[in-house]
Amino acid sequence: MPIRIFIDQGHNPSGPNAGAEGNGLREQDVTYQVGIDLASLLNDDYRFVARVSRPTPETVLGTSNATSLQARVNMANAWPADYFLSIHCNSNTNPAINGSEMYVYRINTQSYWLAQHILNAVVERVGTRDNGVRTNPSLYVLRRTKMPAVLVELAYLSNASDAEKLRYDQRGFAWGIYNGLLSYFGFAPLS
């Protein structure tokens, strides 16, 4: 039985729950493509089956921030997914802040260990700075999912160097997350 991975591409293309912007990039465009690339990698691997929250770049979920988040969680819970990954890009008023970080509901859980594997693999693959795994139990998608959930902050749109990676190496980020999943499950890469 393949492992079911629900990939939530953070934010809507427009309207409610649109994402951050920086250095000519929109968060919702980056997260859409990284999610599609990741789903493709997972669905090409017989050990996994993946679904995405936004199958097209135009998909809008919900009519407000709250209902948008609720729709994503409901899809994962109803499937039901074995693991939930929410993909985001970060932003900060200080353009020097950079790197990748992961958020989980609490430490020393399956989510926490999975996040550590994903973070290590993303940093190794795309060369972002390792900002660690952090807890944020207030995040709706971490709080309301019925399976281990990780919120992946790929890198900072507001940092010029990170933005270049987010612009030109979206598939690299997807590969990093995929490699992190392989590492977490102790799977060898498909030859």
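All values reported here derive from a predicted model rather than from experimental measurement. (Residues numbered from 1 in each chain as written. Predicted model: local features only at pLDDT ≥ 70, side-chain atom pairs only at ≥ 80, totals over all residues. Heavy atoms only, no water.)

J.: It is not clear to me how the sheet that holds strand β8 (residues 149–156) should be interpreted in this structure. Could you clarify?
T.: Strand order in the open sheet formed by six strands is β4-β1-β5-β8-β6-β7, and the pairing between neighbours is mixed. Of all strands in the sheet, those bounded by a partner on one side alone are β4 (48–52) and β7 (130–135). Each strand axis lies, on average, 20° off the axis of its neighbour in the sheet, ignoring direction. Pairing between strand β1 (residues 3–9) and strand β5 (residues 83–90): five bridges, direction parallel. Directly across from Ile5, in β5, lies its bridge partner Tyr83. On top of the sheet, helix α5 (residues 160–168) reaches β5 and β8; it is set at about 115° to β8, its chief contact. (Pairing = 2+ DSSP bridges. Helix = DSSP H or I, 4+ residues; strand = E, 2+ residues; numbered from the N terminus. Axes fitted to C-alpha atoms, helices over the stretch in contact; angles between N-to-C directions. Contact = heavy atoms within 4.5 Å.)

J.: Mind showing me how you'd approach the nonpolar core here?
T.: Here is a general trend for soluble globular proteins: nonpolar side chains tend to be buried in one another's company. If you look at the biggest cluster of nonpolar residues, it comprises 42 residues, and the most contacted ones within it are Leu154 and Ile177. Take this core: its biggest share by element is eight residues, from helix α3 (residues 110–126). In this view, Ile177 contacts Val34, Leu38, Leu85, Ile87, Ile118, Val122, Val152 and Leu154; residues no more than four positions away in its chain are not counted. The next biggest cluster of nonpolar side chains, apart from the first, holds 13 residues, and it includes Ala76, Ala81, Val141 and Leu151. (Core = buried A, V, L, I, M, F, W, Y, C linked by side-chain atoms within 4.5 Å. Buried < 20%, exposed > 50% of the residue type's maximum accessible area, 1.4 Å probe, protein only.)

J.: Just checking my understanding: could you explain the environment of Ser158 for this structure?
T.: Structurally, Ser158 can be placed in the loop between β8 and α5. Residue class for Ser158 comes out buried when judged on its relative accessible area of 14%. With residues up to four places along the chain from it excluded, the contact list for Ser158 reads Asn23, Asn90, Ser91, Asn92 and Pro95.

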